[in-house]
Amino acid sequence: MAKDKKKKGADTKAVAKAAKAAKQEKKAGKKDKKIATKNKDVDSDAESVDLDEVLAQYAKEQEQYLAITEVPCDPPSARTSSLIIGNPANDNELFLYGGEYYNGAVVNFYSDLYVYNIKKDLWSKVTSPNSPYPRSGHAWCRAANTKDIYLFGGEFSSPKQGTFYHYNDFWKLDPQSREWTRIEVKGKAQNPPARSGHRMVGFKQYIILFGGFQDTSATTKYLNDIWIYDCVNFVWHTPKLQSARAVPDARSSFTLLPHEQGAVLYGGYSRVKTAAGGKQQQVKGKKQQSGGGGATRMVLKPKVHEDTWFIRIIPPPADQPSTTLPTVSWERRKRPANTPNPARAGATMAFHKGRGIMFGGVHDVEESEEGIDSEFFNQLFVWNIERNRYMPLNLRRPKANANKKAAQQANVSRRDRARADEEELLANLKALEMKAGGIVAPTSDDEGEQKEKEQDDEEEDTRPEKPRLYEFPHPRFNAALTVQGDTLYIYGGTFEKGDREFTFDELWSLNLNHLDGVVEIFKRDLEDWQGSDDEADSDEEDDEYSDEDDDEDDEDRSAAASTAPTSVTDSPVAVPTKEPEEDIGTTEEISALTDTLPHPRPFESRRAFYERTSEAWQNVILEEMSYGATNQTIRSPKEIKKAAFDRAEEKWWDCREEIRALEDEQEAAGIGEVVSLADKEGGAGGGVGRRR
């Protein structure tokens, strides 16, 4: 009986204790309560969370969706390590998937697929009965032979990151129906091992996957294996490489861009084992012994890679069976010229017209084992893949009212001239096609398609007016980048201050043609940090969104973008230069303006450039056809025009940085548009109009 009373008293105390705890939780702040409810197993996280059970529960919840639905919604919540990509089937849409958000206490992972309509400035959320599990650090890319999007890998963890899970699943997204399909390998073939931080790119019928890392609570293993997925035969394989040739070091967070003969790799991040001890000193990146014995130990040091590699892929001959594997080889390229200095990790890059557009990054100065001082960047660089060099891109502020009015009049006059010359250009094109030898003139349907395309191009954007800034967004690393059309989109990213980590909740756009300011598509205040009070209080006065940052002098930013940045200690950071072991690529820089092909003039748009040089480019295509120098199968006048336009556009973008430099020089000297009067019959009349 006494035992029962004792047990009853213990139960009463337990009930009272639970009631008191519930009362305290009720008094807590709204946000803390929301987090506590959402993560009710956080306190017991550590090693007790079974991630397989969590993912199984998620899969069960997904099965409740009976069909694919797409409903309007607000922009995505703040997240990092997510990915954004342009819809390959619709130039007016962007896709955003996955990511994670860490508030200083717990981390949440997402599996949401968002669609952004560019012209309508509207977001929608897609739900599906079959979609990938929540993840971050995954990779996806467009297929080169279809309009599908492929996704592989990524990572997931318990709320307090006590346990980790890496995926090795492979998915295909239909961009039109929004349907996810998990791709299962055939027979005894295997998927690549689980990983995150890797990169993928499409080439012909193949998907190329390289690198990444596998992380556990104890160790981190970086990878340098390469895998090729055949989108026709639906199988992964690891190519057989030549044993005598060098291969890239293991790494993650690198750049992998498409190339007409494979892919190009640049940079990356890893941690390598380094001997350290009390008797060693670090002097200018070299270890020197200060004398004496002293025990040494192996530690992991961060390494930012600056090397460049070319993945050459030679598809099998057409007469071989479809299952024949391509030939794959690594080739080390010369180090790019004018690389960003100092070297930076977390600088993301998007592909555009044979160029890589790079933004942001962080440079760590490790002063001691206890702390790391970091410098963050918000510069924009363009990497010309063929000529293997970097150039900074600077924003252009609007001119004075008089100059702005003159520029508008010049634009109007250019459009008028284009319309006035349309009949003459079409007549020249027909004559050229007849001269090519039995090639029929384009049909009226072709002309109608061309006019419809021109009308679509001239259609005004109906989006509401957005704020436009003439300085790049706040410094950050691991921002998600993509290019749709000629517009660069920058989503999210991370910034650190002391022990605090800020996840940006915003989307920006930049017209790569005009560079006329960065447009704020949406921007929301940063979420509250849930870390310790000491961390929060230490940086209140140094919030990264202070008004002082917004009032920074533009001239200083332009100068900083064109010169080597300094470290956080305001002293130059020396980057040691080292000759590569193997030099594949050009040995000297060649200007894109020095060849015999037509090239654009300062202040000349792509359309005006093509209209002026279309006959010359079509002659180039016809000459290449006569000598068999082109790999394209061209059989009709429409295909000739398409090939000529592609070559002209490629040349325009290849010359863009050099032409822009000439434009800046002319503007500084007070010179406006330069036009040759010999370009058009009756040039005197046109010249009078241009001089007004």
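- Going by what an unreviewed UniProt entry lists, the chain is known as Galactose oxidase and is assigned to Karstenula rhodostoma CBS 690.94.

As for the overall build of the chain
Alright, step 1. Helix and strand counts for the chain come out as 13 helices and 38 strands.
Alright, step 2. Across the 692 residues that make up the chain, the buried fraction comes to 42%.
Alright, step 3. Total accessible area computed for the chain in this model is approximately 38,000 Å², and 49% of it derives from carbon and sulfur atoms.

Points about the confidence of the model for the chain
In regions of low pLDDT, the predicted coordinates are not meant to be interpreted in detail.
Alright, step 1. Mean pLDDT for the chain: 75, with 63% of residues reaching 70 or above.
Alright, step 2. No element of the chain has a lower mean pLDDT than helix α13 (residues 683-691), which averages 34, and none a higher one than strand β3 (residues 93-97), which averages 97.
Alright, step 3. In this model, residues 1-8 is a region of pLDDT below 50 whose contacts with residues beyond four sequence positions or in other chains number zero contacts.
Alright, step 4. Taken together, the stretch residues 454-459 has pLDDT below 50 and engages in five contacts with residues farther than four places along the chain or on a different chain.

Here we look at unusual backbone geometry
As a rule of thumb, non-glycine residues mostly have phi less than zero, and peptide bonds are mostly trans rather than cis.
Alright, step 1. Following asparagine 341, the chain continues into proline 342 via a peptide bond in cis, with omega recorded as 5 degrees.
Alright, step 2. With respect to the helices and strands, proline 342 occurs in the loop between β25 (327-332) and β26 (348-352).
Alright, step 3. For leucine 515, which is not a glycine, the phi torsion comes out positive at approximately 55 degrees.

Some words on the sheet that holds strand β13 (residues 180-182)
Alright, step 1. One open sheet holds the four strands; their spatial order is β8-β9-β12-β13, and the pairing between them is antiparallel. Both outer strands of the open sheet, β8 (139-142) and β13, are each paired with one neighbouring strand and no more. The average undirected angle you get between the axes of adjacent strands in this sheet is 25 degrees.
Alright, step 2. Pairing analysis gives three bridges linking strand β12 (residues 170-173) to β13, with the strands arranged antiparallel. In the sheet register, leucine 173 faces β13, and the bridge partner there is tryptophan 180.

Here we look at the pattern of salt bridges
Alright, step 1. In total, this model carries 15 salt bridges according to the counting rule given.
Alright, step 2. For glutamate 306, the salt bridge goes to arginine 335, with nearest N and O atoms at 3.1 Å. Placement of the pair is glutamate 306 in strand β24 (residues 296-314) and arginine 335 in the loop between β25 and β26, with a sequence separation of 29 residues.
Alright, step 3. Residue glutamate 306 is classed as buried on the basis of its relative accessible area, which comes to 18%.
Alright, step 4. Look at arginine 335 and you get partly exposed, because its relative accessible area is 24%.
Alright, step 5. One salt bridge connects arginine 468 with aspartate 516, and the closest N-O pair in it is separated by 3.6 Å. Pair noted here: arginine 468 is in strand β32 (residues 468-469) and aspartate 516 is in the loop between β37 (505-511) and β38 (518-524), with a separation of 48 residues, a long-range link.
Alright, step 6. Three or more residues joined by partner-sharing salt bridges are found here, namely Glu70, Glu93 and Arg178.

A few points about the nonpolar core
Alright, step 1. Core analysis: the largest hydrophobic core is formed by 27 residues, its most contacted members being Leu380, Leu488 and Leu510.
Alright, step 2. Put simply, the parts of the chain that give this core at least two residues each are β27 (355-359), β30 (380-384), β33 (480-484), β34 (487-491), β37, α10 (606-627) and α11 (637-654).
Alright, step 3. Per-element accounting of this core gives the leading share, five residues, to α11.
Alright, step 4. Not counting residues within four places of it along the chain, the set of residues in contact with leucine 380 comprises Ile357, Met358, Phe359, Met391, Pro392, Leu393, Phe472, Leu488 and Leu510.
Alright, step 5. By size, the runner-up hydrophobic cluster in this structure holds 16 residues, among which are Val201, Ile208, Phe254 and Leu265.

Observations concerning the pairing of strand β15 (residues 206-210)
Alright, step 1. Within β15, five of the five residues are buried, leaving the element largely enclosed by the surrounding structure.
Alright, step 2. Residues Tyr206, Ile208 and Phe210 line one face of β15 and the alternating positions Ile207 and Leu209 line the opposite face, and both faces are buried.
Alright, step 3. With five bridges joining them, strand β14 (residues 199-203) and β15 adopt antiparallel strand pairing. By the bridge assignment for β15, arginine 199 is matched with phenylalanine 210.
Alright, step 4. Where β14 folds back onto β15 in an antiparallel hairpin, the turn is made up of two residues, including lysine 204, whose phi is positive at roughly 50 degrees.
Alright, step 5. Here β15 runs beside strand β18 (residues 226-230); their pairing, made up of five bridges, is antiparallel. The residue bridging tyrosine 206 from the neighbouring strand is aspartate 230, located in β18.

Examining the packing of aromatic side chains
Alright, step 1. Within the structure shown, the criterion is met by 26 aromatic pairs.
Alright, step 2. Relative to tyrosine 390, the ring of tryptophan 383 has its centre 5.7 Å away and its plane inclined at 5 degrees; by these criteria the two rings are stacked.
Alright, step 3. Judged by relative accessible area, tryptophan 383 falls into the buried class, the value being 0%.
Alright, step 4. Classification of tyrosine 390 by relative accessible area gives buried; the value is 0%.
Alright, step 5. By way of ring pairs, the aromatic residues Tyr150, Phe152, Phe170, Tyr229 and Trp236 are connected into one cluster.

Some points on the sheet that holds strand β7 (residues 122-127)
Two modes of strand pairing occur in sheets, parallel and antiparallel, and in both the strands are linked by backbone hydrogen bonds.
Alright, step 1. The strand order β1-β7-β6-β3-β2 describes an open sheet built from five strands, whose pairing is antiparallel. Of all strands in the sheet, those bounded by a partner on one side alone are β1 (69-73) and β2 (83-86). Between one strand axis and the next, the sheet turns through 25 degrees on average, direction left out of account.
Alright, step 2. Note: β2 against β3, four bridges, orientation antiparallel. Bridged to isoleucine 85 within β3 is phenylalanine 95.

Describing the pairing of β33
Alright, step 1. Of all five residues that make up β33, five are buried, and the element is covered over most of its length.
Alright, step 2. Along β33, one buried face is formed by Ala480, Thr482 and Gln484 and the opposite face, lined by Leu481 and Val483, is buried too.
Alright, step 3. Note: β33 against β34, five bridges, orientation antiparallel. Bridge pairing links leucine 481 to isoleucine 490 in β34.
Alright, step 4. Where β33 hands over to β34, the hairpin turn is made up of two residues, of which glycine 485 adopts a positive phi near 70 degrees.

Some points on α11
Alright, step 1. Helix length check: α11, at 18 residues, gives a terminal C-alpha distance of 26 Å against a target of 26 Å (1.5 Å per residue), a fit within 8%.
Alright, step 2. Where α11 is concerned, the buried positions are Pro637, Ile640, Lys641, Ala643, Ala644, Ala648, Glu649, Lys651, Trp652 and Trp653.

Overview of the environment of arginine 500
Alright, step 1. Topologically, arginine 500 is positioned in strand β36 (residues 500-503).
Alright, step 2. Exposure remark for arginine 500: the relative accessible area of 12% places this residue in the buried category.

Some details on empty space enclosed by the protein
Alright, step 1. For the structure shown, the criterion picks out six cavities of 30 Å³ or more.
Alright, step 2. Volume-wise, the largest cavity comes out at about 150 Å³.
Alright, step 3. Broken down by secondary-structure element, the contributors of at least two residues to the lining of the largest cavity are β21 (262-277) and β24.

Reading the values: the criteria
- Residues numbered from 1 in each chain as written.
- Predicted model: local features only at pLDDT ≥ 70, side-chain atom pairs only at ≥ 80, totals over all residues.
- Heavy atoms only, no water.
- Helix = DSSP H or I, 4+ residues; strand = E, 2+ residues; numbered from the N terminus.
- Buried < 20%, exposed > 50% of the residue type's maximum accessible area, 1.4 Å probe, protein only.
- Areas by Shrake-Rupley, 256 points an atom, 1.4 Å probe, with all protein chains shown as cover.
- pLDDT = per-residue confidence, 0-100.
- Contact = heavy atoms within 4.5 Å.
- Pairing = 2+ DSSP bridges.
- Axes fitted to C-alpha atoms, helices over the stretch in contact; angles between N-to-C directions.
- Salt bridge = Lys/Arg side-chain N within 4 Å of Asp/Glu carboxyl O.
- Core = buried A, V, L, I, M, F, W, Y, C linked by side-chain atoms within 4.5 Å.
- Phe/Tyr/Trp six-rings, centres within 6.5 Å; stacked < 30°, edge-to-face > 60°.
- Expected span 1.5 Å × (residues − 1).
- 1 Å grid on protein atoms, 1.4 Å probe; cavity = no way out; pocket = protein on both sides within 12 Å on 5 of 7 lines; lining within 4 Å.
- Points joined across faces, edges and corners; volume = space filled by probe spheres on them.

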